[in-house]
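Now for the letters of each chain:
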Amino acid sequence: MRVCSIVGARPQFIKAAVVSRELRSVGEEILIHTGQHYDEELSDVFFEELGIPEPDHNLGVKSDTHGRQTAKMIAAIEPIVEDTDPDVLLLYGDTNSTLAGAIVGSKCDVCVAHVEAGLRSYNREMPEEINRVLTDHASDLCFAPSERAVETLAGEGITDGVYWTGDVMYDNILAVRERVATQSTVLEDLGISADEFILATVHRQSNTDQRANLEAILAGLSSASLPVVFPAHPRTVAKLEEYGLWEQAADDLEIIEPQGYLDFVRLLDTAERVVTDSGGVQKEAFFLETPCVTLREETEWTETVDCGWNELVGPNTDRIRDALQTDQEPDSNPYPYGDGSAGQRIVSILHQQFDAATPEPELESLTPN
């Protein structure tokens, strides 16, 4: 079995770390890094900390408009697929790298497998929403993280090749949480204590590229009764400077460099709560039982809201302020994202599909509670 895995952004590195470990024990993996995230803090450090193998191909696409960036990826991925002749293209999440891989696979008649299939925010203004919808409909195998994602796919007429595997990011949190607690010194380095700070991340274009939204978020964060630790994404830094908001942000928040995965997990695990517009951070907070305030009006991770661990406030100063001042202590976590064996389950399914001559023992399927 030969699998060509395509990654390009931080959340994909985390997911690929889980699956690659399982995959390389039973098959061959060709790893393509599109270069969508190319800063050391957003790329190299994740490969090092998570033990991800060195990419076989680094396309170095970097930033551009969505259309041009995706087109460059398609043009660079296609000849690699033609040369390596993989059994399957394995894609993760909802980035431009994901969509580019799906298009190449569909045009080259290669099986396309999508990890994290079936998620919907129902906000078509988000580029990620278009990417995930198109990728699901171009995929031959859809690996859904939750039962609701399976139902969403069925509602769109996608039933063949759909598997409820659980969420690979849950696998990874279980694998690194104890190691992070003993190895990371980020709290000591920053001079902060567990449960005595708020963690904040802002990177989504709908928030960073509109001055009014970014200003409203800053005003809401500045009202927090605890210090706000803010690992600043390069795009956010550039926009703060462009809008003349950098001094205000530096006065009100503790701005730090983007963190590696292990240090970020430590911050997220020990924060009193997190304020974010990241889908991945919402989910990681849920796994770590850290209350979350989301700077969006909708989320693809609806289970986190239903369970009471996540509150949607949008880029609204008053709603952010109210959320930060309200006690958020959910009393349950029904574990809607599987049992921590998603990576094994995905590789087992691929193995059965493409290497039937040497059957892989099948994990027990997830079933509704």
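All values derive from a computational prediction rather than experimental measurement.

Colleague: Sorry if this is basic, but what is going on with helix α11 (residues 234–242) here?
Modeller: Looking at α11, one finds that the buried residues are Thr236, Lys239 and Leu240. Considered in projection along α11, the buried side chains sweep an arc of 105° and stay on one side of the axis. Of the exposed residues in α11, those oriented more than 90 degrees away from the buried face are Glu241 and Glu242. Looking at the buried residues of α11, the elements they touch are α9 (205–208), α10 (211–222), β9 (228–231) and α12 (246–252).

Colleague: Help me understand the pattern of salt bridges in this model?
Modeller: Where charged atoms of side chains with opposite charge meet at close range, the side chains can pair. Counted according to the given criterion, the structure contains 24 salt bridges. The shortest N-O distance in the salt bridge between Arg273 and Glu272 comes to 2.9 Å. Glu272 sits in the partly exposed class, given a relative accessible area of 26%. One connected set of salt bridges, linked through shared partners, spans Asp94, Glu129, Arg132, Arg296, Glu298 and Glu300.

Colleague: Please explain the pairing of strand β8 (residues 198–201) as it appears in this structure.
Modeller: In summary, the side chains of a regular strand alternate between the two faces of the sheet. What you see with β8 is no split at all: Ile198 and Ala200 on one side and Leu199 and Thr201 on the other are buried throughout. Here β8 runs beside β9; their pairing, made up of 2 bridges, is parallel. Looking across to β9, one finds that Leu199 is bridged to Val229.

Colleague: Please clarify how the environment of His114 should be interpreted in this entry.
Modeller: Relative to the elements of secondary structure, His114 occurs in strand β5 (residues 111–115). Each C-alpha atom of the pair His114 and Ser139 lies 6.4 Å from the other, and the pair is 25 residues apart in sequence.

Colleague: Quick question: what am I supposed to make of the side chain of Arg273 here?
Modeller: Looking at the secondary structure, you find Arg273 in strand β11 (residues 273–276). On the basis of relative accessibility, which here comes to 2%, the residue Arg273 falls in the buried class. Within the structure, the side chain of Arg273 is placed 2.9 Å from the side chain of Glu272, a separation counted as a polar contact. Not counting chain neighbours up to four residues away, the residues in contact with Arg273 comprise Phe197, Ile198, Leu199, Thr290, Pro291, Val293, Ala323, Leu324, Thr326, Asp327 and Gln328.

Colleague: Could you clarify how one ought to interpret helix α5 (residues 127–138) in this entry?
Modeller: Every α-helix winds through 3.6 residues per turn, so residues three or four apart in the chain are directed the same way. In this model, α5 (12 residues) spans 17 Å end to end at C-alpha, consistent with the 16 Å of a helix rising 1.5 Å per residue. Of all the positions in α5, only Glu129, Asn131, Arg132, Val133, Thr135 and Asp136 are classed as buried. Against β4 (88–92), α4 (96–107), β5, β6 (141–144) and α6 (147–155) lie the buried residues of α5.

Colleague: Looking at this structure, how should I read the sheet that holds β4?
Modeller: Strand-to-strand pairing in sheets goes through backbone hydrogen bonds, with the strands running parallel or antiparallel. An order of β3-β2-β1-β4-β5-β6-β7 is seen for the 7 strands of this open sheet, with the pairing classed as parallel. In the strand order of this sheet, the two ends are held by β3 (57–58) and β7 (162–164), each with one partner. Summarising the sheet, strand β2 (residues 28–33) and β3 pair through 2 bridges and their orientation is parallel. Paired with His33 across the two strands is Asn58, which belongs to β3. Together, β6 and β7 form the strand contacts of α6, whose direction differs from that of β7 by roughly 160°.

Colleague: Got a minute to help me understand unusual backbone geometry in this structure?
Modeller: In the Ramachandran plot, Lys62 falls in the positive-phi region, its phi being about 65° despite a non-glycine side chain. Position of Lys62 relative to the elements: it lies in the loop between β3 and α3 (66–84). For Lys62, a relative accessible area of 43% puts it in the partly exposed group. Non-glycine residue Tyr122 carries a positive phi angle of around 65°.

Colleague: Would you explain the environment of Tyr122 in this entry?
Modeller: If you trace the backbone, Tyr122 turns up in the loop between β5 and α5. Given a relative accessible area of 60%, Tyr122 falls into the exposed group. With 92 residues separating them in the primary sequence, Tyr122 and Ile30 have C-alpha atoms 33 Å apart. Beyond its immediate sequence surroundings of up to four residues, Tyr122 is in contact with Glu129 and Thr152.

Colleague: Can you walk me through the packing of α10 against helix α16 (residues 317–325) in this structure?
Modeller: Closest axis-to-axis distance for the α10/α16 pair is 8 Å, and the angle between their directions is 25°. The angle between the axes of α10 and α16 places the two elements in the roughly parallel class. With respect to the hand of their crossing, α10 and α16 are arranged in right-handed fashion. Residues Ala216, Ile217, Ala219, Gly220 and Leu221 of α10 touch α16, and the partners they reach there are Thr317, Ile320, Arg321 and Leu324. For the contact of α10 with α16, the per-class residue count stands at 6 nonpolar, 2 polar and 1 charged.

The rules we used
Residues numbered from 1 in each chain as written. Predicted model: local features only at pLDDT ≥ 70, side-chain atom pairs only at ≥ 80, totals over all residues. Heavy atoms only, no water. Buried < 20%, exposed > 50% of the residue type's maximum accessible area, 1.4 Å probe, protein only. Helix = DSSP H or I, 4+ residues; strand = E, 2+ residues; numbered from the N terminus. Arc of directions from axis to C-beta. Contact = heavy atoms within 4.5 Å. Salt bridge = Lys/Arg side-chain N within 4 Å of Asp/Glu carboxyl O. Pairing = 2+ DSSP bridges. Polar contact = N/O pair within 3.5 Å; in protein donor to acceptor, adjacent residues only side chain to side chain. Expected span 1.5 Å × (residues − 1). Axes fitted to C-alpha atoms, helices over the stretch in contact; angles between N-to-C directions. Parallel < 35°, antiparallel > 145°, perpendicular 65-115°, else oblique. Left-handed = near helix turned anticlockwise from the far one by under 90°. Nonpolar A, V, L, I, M, F, W, Y, C, P; charged D, E, K, R; others polar.

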